[in-house]
Structure formats: structure tokens, C-alpha cells
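# Coordinate analysis (summary)
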Amino acid sequence: MTDRAFSVVRAGALTTVQDLGRPGHAHLGVPRAGALDAPAHRLANRLAGNPGSAATLETTLTGCALRVRTATTVAVTGAPCPVTVDGHPAPWGAPVRVPAGAVLDAGPATHGLRSYLAFAGGIATEPVLGSRAADLLSGLGPDPLTEGAVLPLGDPHGPPATADAVPHPGPVTELLLPFLPGPRDDWFTEAGLRTLVTGRFRVSPAGNRIGLHTEGPPLERARAGELPSEGMPLGALQVPPNGLPVLFLHDHPTTGGYPVVGVVPERFLAPAAQATPGTPVRFLRMR
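Residues numbered from 1 in each chain as written. Predicted model: local features only at pLDDT ≥ 70, side-chain atom pairs only at ≥ 80, totals over all residues. Heavy atoms only, no water.

Under an unreviewed UniProt entry, the protein has the name Biotin-dependent carboxyltransferase and belongs to Streptomyces sioyaensis.

In C-alpha cells, the structure reads:
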């Protein structure tokens, strides 16, 4: 194993390798995967001197701790969290030089859910279908981090970026999800469609990288039964038999038989990656 690597000291609740995913393989039954908060992923890479396509670590709620084998630059973005190097405070949202043998610890998120750790050169695990992203649904890509695992790093691409100011996201106090109606909105009554845009929904603890689940009033159906399985896009609002919308995220199945009442365009999905359970959700019809 090359010296350009790190070992996992603390894996955290769920830490995965992510990049921009593997779009274009839905016909093979392969989800897109990739960083749920793509802007935070890209920012971490820019601060570490990487292209946006480089692989980072995506943590969930509790962060992670890593020991680097060689001196390197690391940047932490996404959900704000305390950052330390061998127990000494280090900045969040800025390039941090970590000496060889030192432990970088990204602690629990102070708000939000997912932090992103970019290393100079990116994480150099073996690509699968052109991506290093871990896909929890299909099992493609590297496994979630475990204590003692060793992951390789690539060669640095360039010097770390300098930034006068880095956005410091506040808590997601309300998750606004603009959606385009259809293709199966006709499976719901007018009352059910009104419930979608006027009902008081909140983020359910049942969510994961596959989908954000909601709690609230069920949508009234106009038809019984279910559809034959059909393609499911990123951002689909699928409504299972309990009537509560599920927002499909990056590890979502590529097909499904429950009706899709609308689709949230990709540009509005990043806040869903940081919405904690209990966060109010409001669905906004775009036309």
C-alpha cells in the first residue's frame, strides 16, 4: 500500500466514499449514487485543490476520524462540525495541512446531517462504471468505512484554493421542495393534490441515501391498485400505499410500481441532504 493513504480510526455512523456518481446506467438497473450535497462536495474539493469530480468522504451526523500516512491537505465542508488535528482545533471550511501520522477528526454535526472531507489528490479507490461512489442500494463501489480500513489517496492536482469567505450553512428550518407535477398525478384526487401543497409534512427518521421519507397527512388516491414497474428518476416523489411522499435521492431504485405524483428538479435537492428528522417540509408546485 502506498504511503499516500489514510487509515480509519473512527468510522462514524455512516461514512462513504462519494464523487459525482455514475449517471447514465439506469437501463442496467444501476442508480446514480454520488454526493447527496453536491455543492458541499464540490466546495471541499476546490478548497483541497482538486477538480469537482474527485472522490471525497461523506459522513452522516457523527463524523469520522482518520490517520494520514503522509502529510496532506484536507478540507471539511457541508454540515458544520468541530475539526481537530491530533486534538488541536482546526478550521472548518478551509484547507488544513495535516502532518504525516496525525489524526484528523471531523466531529458530530452541529446542525445538518452530512459533512464532506476532501483530501488533496482525492480518494483513489478503484472506479466502477467510471465512478468511485459507494452505492448502498446496488452495493457497487467501496464499502462504507470501518475501523482499521485503509484507503488510498491520489497525487495532488494543484495547490489548495484560497477563499475570502466560505458559506456557513445554517440549520434547515424548513425544507422547501419545488416540484413539477406528474407523471402519475392523475392517480390522486383533487383533495389529495391539495394536501400535497397545503399539508404539514416533516422529515421522517426513516430516511437514508435512497430516499427522504415524510410524515404528515396521507394523499388521497383516485385509483386503487399499483402500476406495472416503470422508470424512476432522481427527485421523484413516489407515494407508497401509506399515502406519504418519499423523495428519491441518489441511491434510489431505477424502477418502481408506486405512482409518482411529481418530480423535484436536481438543483433543489441539496438541502434534502442536510434536513434532520422533524424538519418541516413544504412542497411547492412549479406549474
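### Quick notes on the sheet that holds strand β19 (residues 260-263)
Keep this limit in mind: When DSSP locates at least two bridges between a pair of strands, those strands are taken to pair. Numbering goes from the N terminus for both helices and strands, where a helix is a DSSP run of H or I of at least four residues and a strand is a run of E of at least two. Convention adopted: a line fitted to C-alpha atoms gives each axis, helices being fitted over their contacting stretch, and angles between N-to-C directions are expressed from 0 to 180 degrees. A contact between two residues is defined here by any heavy atoms of the two lying within 4.5 Å.
Pairing in this closed barrel of 7 strands is mixed, and the strands run β12-β19-β16-β17-β14-β13-β20 around the ring. When the angles between neighbouring strand axes are averaged without regard to direction, this sheet yields 40°. One ladder, built from 2 bridges, connects strand β13 (residues 201-203) with strand β20 (residues 280-285); its direction is antiparallel. Bridged to F201 within β20 is V281. Contacting β12 (175-181), β13, β19 and β20, helix α2 (residues 190-198) crosses the sheet at an angle of about 125° to β20.

### Description of unusual backbone geometry
In this structure, P183 follows G182 across a cis peptide bond, with omega equal to 10°. Examined against the element boundaries, P183 turns out to sit in the loop between β12 and α2. Of note in this structure, A33 is not a glycine but carries a positive phi near 60°. Following the sequence through the fold, A33 ends up in the loop between β2 (16-18) and α1 (38-47). For L61, which is not glycine, the phi dihedral falls at a positive 70°. Relative to the elements of secondary structure, L61 occurs in the loop between β3 (56-58) and β4 (64-68).

### A closer look at the pattern of salt bridges
How we decide: Within this document, salt bridges are pairs made up of a side-chain nitrogen of Lys or Arg and a carboxyl oxygen of Asp or Glu, the two lying within 4 Å of each other. Buried, partly exposed and exposed residues are distinguished by accessible area as a fraction of the type maximum, computed with a 1.4 Å probe on protein chains only: under 20%, between the cut-offs, and over 50%, respectively.
A complete count under the given rule lists 10 salt bridges for this structure. Between R209 and D251 there is a salt bridge; the shortest N-O distance is 3.0 Å. Of the two residues, R209 is situated in the loop between β13 and β14 (211-215) and D251 in the loop between β17 (246-248) and β18 (255-256); the sequence distance between them amounts to 42 residues. For R209, a relative accessible area of 1% puts it in the buried group. The partner of E226 in a salt bridge is R221, with the nearest N and O atoms 3.7 Å apart. Ionic contacts of the salt-bridge type, sharing partners, join the residues E58, R114, R209 and D251 into one network.

### Topic: the side chain of H250
Note on placement: H250 falls in the loop between β17 and β18. For H250, the contacting residues outside a window of four places in its chain are P31, R32, A33, G34, A35, L36, R209 and L234.

### Focus: the nonpolar core
Keep this limit in mind: What makes a nonpolar core is a set of buried Ala, Val, Leu, Ile, Met, Phe, Trp, Tyr and Cys residues whose side-chain atoms join them at distances within 4.5 Å. Reported domain spans reflect what an automatic or database domain assignment gives.
Counting residues in hydrophobic clusters, the biggest one holds 33 residues, and the most contacted among them are L175, L247 and F283. Taken together, the elements giving at least two residues each to this core come down to α1, β10 (115-119), β12, α2, β13 and β20. Here this core takes 3 residues from β12, the largest share from any one element. Both domains that meet at this core, namely domain 1 (5-152) and domain 2 (175-285), each give it at least three residues. When residues no more than four places from it in sequence are discounted, the contact partners of L175 are V203, L212, P271, A272, A275, T279, P280, V281 and R282. Counting residues in hydrophobic clusters, the runner-up holds 27 residues, among them V83, A90, L117 and L151.

### Things to note about the environment of V128
Among the secondary structure elements, V128 is positioned in the loop between β10 and β11 (150-152). Here V128 falls in the partly exposed class, since its relative accessible area comes to 27%. When residues no more than four places from it in sequence are discounted, the contact partners of V128 are R22, L140 and G141.

### A closer look at the sheet that holds β10
The strand order across the open sheet built from 5 strands is β2-β3-β10-β5-β8, with neighbouring strands paired in antiparallel fashion. Each end of this open sheet is capped by a strand with a single partner; those strands are β2 and β8 (96-98). Each adjacent strand pair in this sheet contributes to an overall mean axis angle of 35°, direction not counted.

### A short note on the domain arrangement of the protein
The criterion, for reference: Defined here as a combined quantity, buried area equals the accessible surface (1.4 Å probe) lost by two parts on assembly, summed across both. Under the rule applied, a polar contact is a pair of N or O atoms within 3.5 Å (in protein, one hydrogen donor and one hydrogen acceptor; residues adjacent in sequence only if both atoms are side-chain atoms). Following the grouping adopted for this structure description, the nonpolar residues are Ala, Val, Leu, Ile, Met, Phe, Trp, Tyr, Cys and Pro, the charged ones are Asp, Glu, Lys and Arg, and the polar ones are all others, Gly among them.
For the protein, the assigned domains are domain 1 (5-152) and domain 2 (175-285). Taking the mean C-alpha position of each, domain 1 and domain 2 sit 28 Å from one another. If you look at the interface, domain 1 gives 23 residues, while domain 2 gives 17 residues. Taken together, the two surfaces of domain 1 and domain 2 that pack against each other cover about 1,600 Å², and 56% of this comes from carbon and sulfur. Broken down residue by residue, the surface that domain 1 buries against domain 2 is led by R32, L36 and L137, which jointly contribute 37%. At the boundary of domain 1 with domain 2, the tally comes to 2 salt bridges. Residue R209 is joined to E58 by a salt bridge in which the shortest nitrogen-to-oxygen separation is 2.8 Å. Taken together, domain 1 and domain 2 are joined by 10 residue pairs in polar contact (both at pLDDT 80 or more). Residues belonging to the side of domain 1 that touches domain 2 are distributed by class as follows: 13 nonpolar, 5 polar and 5 charged.

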